[in-house]
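Architecture at a glance
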Amino acid sequence: GHPDRTAYTLMYAAVLAAWNEPGTELSLSTAPGSWRGWREPADAVDARAAALVTCAAGLQSLEAGTGVRVRVGLEPEPRCSIETTDELVAFFEGPLARALEGAPDLRGWLGVCYDACHQAVMHEEAGEALARLAAADIDIVKFQASSALEVAEPAEAARAALAAFDEPIYLHQVAAPDAAGRVHVAQDLAGVLGDKSGLWAERRPWRIHYHVPIFRAAAVPPLGTTQGELRVGLAAALEARQVRHVEIETYTFDVLPSAERAAGSGDDLVSALVREYETALEIAATAGFTP
């Protein structure tokens with residue numbers, strides 16, 4: 001809810017508008033609040049909702065002046081204020097709906113950035129999550145095509161392979177359900193690999209917030225990926241005409257372990273990016289879309 005964040009978002013949107021022609025529709029994503037667990041004032045959620053309405057009003061004015069529509073998508077992420085689709089819907093139907101009273105038309109500039117990796121990490125089924133968004137009339141302003149690491153059985157061999165992905169640049173949240181089906185989320189992979197309680201050894205499968213190339217159906221053995229959830233989600237969203245903007249979001253090529261590169265991710269960045277586009281287009285084709 002800090003005014004500097006709103007001002008920055010609107011400046012970013014103005015730059016996007018300046019680079020495009022009238023009639024263009026663009027999208028940008030933003031973190032869904034704050035980091036879960038940080039101390040916040042009691043009114044922090046309402047303040048964020050109010051800031052989003054201010055932002056939407058600024059985007060409305062930007063469109064009136066330039067003819068370019070820029071929409072903002074809240075992007076749920078593991079360990080952030082909003083992690084799940086249900087939490088996003090609750091925010092839209094609660095704090096944001098209250099903040100929009102008197103100006104409901106501003107909702108048209110706000111929606112969700114659906115990151116396939118993030119929602120797979122949270123063990124959401126893509127088709128169900130997308131249906132939930134549609135039922136709540138929440139627009140997907142951007143679909144981020146991405147895949148996470150998955151460990152079906154956290155035995156010794158899988159942990160050894162996974163340790164190579166424990167790098168210091170990014171946080172790699174880990175989520176896994178217990179025997180009762182309750183999903184637990186850890187802040188970083190290092191804490192899970194070093195867990196002495198034995199609790200994480202009993203939870204499975206592990207899904208790790210580590211963006212792996214989307215053309216990888218499996219990672220370095222015996223690790224897997226959530227490419228299957230990406231395929232289901234992207235095809236369903238396109239088929240239902242739920243989304244117009246798709247963004248491939250693999251930013252980890254420079255930190256991939258050498259074993260993963262050798263196993264199929266490759267060492268040549270350009271070739272890997274080409275394979276990512278080919279995979280995204282192949283998934284889109286299953287929904288009837290061709291370039």
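Here the structure is a predicted model, which means the values were calculated and not measured.

By the definition in use, this model includes 2 cavities of 30 Å³ or more. Considering the residues around the largest cavity, the lining is formed by Tyr114, Ala116, Gln119, Ala120, Glu124, Ala126, Phe143, Glu229, Leu230, Gly233 and Leu234. Looking at the lining of the largest cavity, the elements that each hand over two or more residues are α4 (116-121) and α9 (227-239). Residue contributions to the lining of the largest cavity peak at 4 residues, all from α9. Of the residues in the lining of the largest cavity, the class split is 7 nonpolar, 2 polar and 2 charged. Empty space within the second largest cavity amounts to approximately 40 Å³. Lining the second largest cavity, in full, are Pro76, Thr85, Leu88, Val112, Cys113, Tyr114, Gln119 and Leu133. For the lining of the second largest cavity, the elements supplying multiple residues, two or more each, are α3 (85-99) and β3 (110-115). Looking at which element gives the most residues to the lining of the second largest cavity, the answer is β3, with 3 residues. Taken together, the residues that form the lining of the second largest cavity break down as 6 nonpolar, 2 polar and no charged.

What the 5 strands build is an open sheet, ordered β1-β2-β3-β4-β10; its pairing is parallel. Taken across any chain shown, the strands that pair with only one partner, and hence form the sheet edges, are β1 (25-30) and β10 (246-248). Direction aside, the axes of adjacent strands within the sheet are offset by 30° on average. Looking at chain direction, β3 and strand β4 (residues 140-145) are connected through 4 bridges and run parallel. Paired with Cys113 across the bridge in β4 is Lys142. Relative to the sheet, α3 contacts β2 (69-74) and β3, its axis offset from that of β3 by approximately 165°.

Bringing the packing of aromatic side chains into the picture now. In the structure shown here, the tally under the stated rule is 5 aromatic pairs. Ring centres of Tyr170 and Tyr251 lie 5.0 Å apart, and the angle between their planes is 65°; this geometry places the pair in the edge-to-face category. Linking Tyr170 in the loop between α6 (156-163) and β6 (174-177) with Tyr251 in the loop between β10 and α10 (258-265), this pair joins segments that are 81 residues apart in sequence. Between Trp200 and Trp206, the ring centres sit 6.2 Å apart and the planes meet at 85°, which makes this aromatic pair edge-to-face.

In the contact formed by helix α5 (residues 126-135) and α9, the axes pass within 8 Å of each other and the chain directions differ by 35°. Considering how the two elements wind past one another, α5 and α9 form a crossing that is right-handed. The residues of α9 that touch α5, namely those facing Ala126, Gly127 and Leu130, are Glu229, Val232, Gly233, Ala236 and Ala237. Considering only residue class, the contact of α5 with α9 consists of 5 nonpolar, 2 polar and 1 charged.

Strand order in the open sheet formed by 5 strands is β7-β6-β8-β5-β9, with antiparallel pairing between adjacent strands. Two strands in the sheet have a free side with no partner beyond their single neighbour: β7 (183-186) and β9 (224-225). Sheet topology places β6 next to strand β8 (residues 206-212); 2 bridges connect them, and they run antiparallel. Looking across to β8, one finds that Val174 is bridged to Ile208.

Reading the values: rules and limits
- Just so you know, the residues in each chain are numbered from 1, in the order the chain's sequence is written.
- Owing to the predicted nature of the model, reporting of local features is limited to residues with pLDDT of at least 70; listing and counting of side-chain atom pairs is limited to 80 or more, with chain, interface and lining totals taken over all residues.
- The basis for every side-chain value is the complete set of heavy atoms in the structure, and neither hydrogens nor water enter the calculation.
- A cavity, in this analysis, means grid points on a 1 Å lattice covering only the protein atoms where a 1.4 Å probe fits yet has no way out; a pocket is instead an open set bounded by protein on both sides within 12 Å along at least five of seven lines, and a residue lines either one if it has an atom within 4 Å of a point.
- Grid points are joined across faces, edges and corners, and a volume is the space filled by probe spheres set on the points.
- Here a helix means four or more residues in a row that DSSP labels H or I, a strand means two or more in a row labelled E, and each is numbered from the N terminus.
- Throughout this entry, Asp, Glu, Lys and Arg are counted as charged residues, while Ala, Val, Leu, Ile, Met, Phe, Trp, Tyr, Cys and Pro are counted as nonpolar. The remaining residues, Gly among them, count as polar.
- Note: two strands are recorded as paired if DSSP finds a minimum of 2 bridges between them.
- For helices, the fitted line uses only the C-alpha atoms of the stretch in contact; every axis is such a line through C-alpha atoms, and the angle between N-to-C directions lies from 0 to 180 degrees.
- Here, two residues are considered to be in contact whenever any of their heavy atoms come within 4.5 Å of each other.
- The criterion for an aromatic pair is that two Phe, Tyr or Trp rings (for Trp, the six-membered ring) have centres within 6.5 Å, with stacked assigned to planes under 30 degrees apart, edge-to-face to planes over 60 apart and tilted to the rest.
- Should the near helix be turned counterclockwise from the far one by less than a right angle, the crossing is left-handed, whereas a clockwise turn marks it as right-handed.

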